Every structure is written in C-alpha cells, then in structure tokens.
Amino acid sequence: MKDPEKEVEKVFIGGLHEELVEDKIIDESQLEPDFPALIQKYGGKDVMTCLQCGNCTGVCPISLKIDYKTRNIIKCCQFGLKKYTLGTRWVCATCYRCYEHCPADLNPADIMIALRHIAVREGIIPPFVKTAVTNLVKYGQSVKPDPEIDKIRKELGLNPIHSHDPEYQAIIKEIQVLVHASKYDKLIGIQDEVRV
C-alpha cells in the first residue's frame, strides 16, 4: 500500500532536480514590449500577473518530459521575448491542472493557448497540427481511417466507421463549411483540402 505522504515527498523532490536548459543572454534588441498585450488579446489575460511561484510547472503532467517549463515560458512572455517563446517546443495538454493549483487563481493554460493562436498567425504551425486538421476535413476525424481501428471497434462491440456513407459525408461537409467559414483553412494553408 502506498504511503500518501511519501508520494507527496517524491513529487516535491522531483521538482528540485530541474536542470539548466540554456544559459541565455538577453539584450534589448530581442524584446518586443507589446508581446504581453498581444498574448492578452488572444486570451492569455494573466500573463503579466504570474508571480513565478512554479506551482504550474510542479503539477504539469508534461513538465518532466519537456525542456521548457510553464513558468519559464511565462517569464519569457513577460520580458517580451516573442521570437524566442514562439520558437520553443512548448507542449500543453490543456488539462488545466496549472489553473487548479495556482495560488493566485491565474490560468497558465490560457496563456499557452494564446501562444498557439499567435504562432499559427505567424505561420509557425507544427506539422502534426496540419496533418490532424487535414484528416479532420477529409475523414471527419483527426486520424486517417485504418482497418485496424475498425477491427478494434468491432472487438469493443462498436460499428465500424464508414466515411463513404452519405450520412457521414454530410457531417464531413459540415466540418468543411465550419473550417472554411472560420477561415481556419486559409490560416493553416489547407484550402485545397476544403471543398465548399
């Protein structure tokens, strides 16, 4: 049986093993003072009120797997390091654990989502996003249909997905209309995949 107190201690000790990823010298030419306001415009309203306590990083399920931590990314945003921040390989599961554990009731996940909005508008689109959206407008799901998936569905007692069925095609058409109406197809460069 697990001792809950030891489990807490284990998590705490894990936080002490943070490594220096990059020793970076920052000069004024790299700062974009309007960057925090841009993040706020796209929904990251708490970017300038983060106190750098690190709770968000401590509870993040991904933070131990990535080089750049939530707290560090937010600090770079506060400095106005736009190019640097959008170039980091940040990943956020949008699980909102950071929000749940923030003692100041701030929402770091919304800041990460705002960074994604800005990155996409700047043409910084990870290939997996383009692939997922292309599959969505083609097949109605973010992954390409596969006979193996149908086999698993059958084992689970579910019907196979028939993307060629008229009812399913109508749903795909609706998805394409929505993607086109929101101009998301143009934003990420998949206009040729959307037939409206």
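One structure accompanies this document, and this report is about it. (Residues numbered from 1 in each chain as written. Predicted model: local features only at pLDDT ≥ 70, side-chain atom pairs only at ≥ 80, totals over all residues. Heavy atoms only, no water.)

## Notes on the overall build of the protein chain
Scanning the protein chain from terminus to terminus reveals 11 helices and zero strands. For the protein chain, the succession of helices and strands along the chain, N to C, is α-α-α-α-α-α-α-α-α-α-α. Going through the 196 residues of the protein chain one by one, you find that 31% of them count as buried. Taking as baseline every contact in the protein chain between residues at least 6 positions apart, the subset at least 24 positions apart corresponds to 63%. For the protein chain, the exposed surface amounts to about 13500 Å²; the carbon and sulfur share of it is 56%. (Helix = DSSP H or I, 4+ residues; strand = E, 2+ residues; numbered from the N terminus. Buried < 20%, exposed > 50% of the residue type's maximum accessible area, 1.4 Å probe, protein only. Contact = heavy atoms within 4.5 Å. Areas by Shrake-Rupley, 256 points an atom, 1.4 Å probe, with all protein chains shown as cover.)

## Section: the side chain of Asn107
Relative to the elements of secondary structure, Asn107 occurs in the loop between α6 (97-101) and α7 (108-121). Looking at Asn107, its side chain comes within polar contact range of the main-chain nitrogen of Ala109, at 3.2 Å. With residues near it in sequence (within four places) discarded, Asn107 still touches Asp46, Tyr96 and Tyr99. (Polar contact = N/O pair within 3.5 Å; in protein donor to acceptor, adjacent residues only side chain to side chain.)

## Remarks on unusual backbone geometry
Even without being a glycine, Thr94 presents a positive backbone phi close to 50°. Along the polypeptide, Thr94 turns up in the loop between α5 (82-87) and α6. On the basis of relative accessible area, Thr94 is assigned to the partly exposed category, the value being 29%.

## Let's talk about the packing of helix α4 (residues 70-79) against α7
Closest axis-to-axis distance for the α4/α7 pair is 11 Å, and the angle between their directions is 60°. On the basis of the axis angle, α4 is oblique to α7. Viewed along their axes, α4 and α7 form a crossing whose handedness is left-handed. Side by side, α4 and α7 meet where Thr70, Ile73, Ile74 and Cys77 of the first sit next to Pro108, Ile111, Met112 and Leu115 of the second. Broken down by class, the residue content of the contact of α4 with α7 amounts to seven nonpolar, one polar and no charged. (Axes fitted to C-alpha atoms, helices over the stretch in contact; angles between N-to-C directions. Parallel < 35°, antiparallel > 145°, perpendicular 65-115°, else oblique. Left-handed = near helix turned anticlockwise from the far one by under 90°. Nonpolar A, V, L, I, M, F, W, Y, C, P; charged D, E, K, R; others polar.)

## Thoughts on the packing of helix α8 (residues 127-139) against helix α10 (residues 166-181)
Direction vectors running N to C along α8 and α10 enclose 135°, while the axes themselves pass 7 Å from each other. Between α8 and α10, the angle falls in the class oblique. Residues Leu136, Val137, Lys138 and Tyr139 of α8 form the contact with α10, whose own contacting residues are Tyr168, Ile172, Ile175, Gln176 and Val179. Among the residues forming the contact of α8 with α10, the class breakdown is seven nonpolar, one polar and one charged.

## Considerations on the nonpolar core
Ranked by size, the top nonpolar core spans 18 residues in total, and within it Phe35, Ile39, Ile73, Cys77, Leu86 and Leu115 carry the most contacts. For this core, the elements supplying multiple residues, two or more each, are α2 (35-41), α4 and α7. When residues of this core are assigned to their parent elements, the largest contribution, six residues, is made by α7. Val133, Val137, Ile175 and Val194 belong to the second-largest nonpolar core, a separate cluster that totals eight residues. (Core = buried A, V, L, I, M, F, W, Y, C linked by side-chain atoms within 4.5 Å.)

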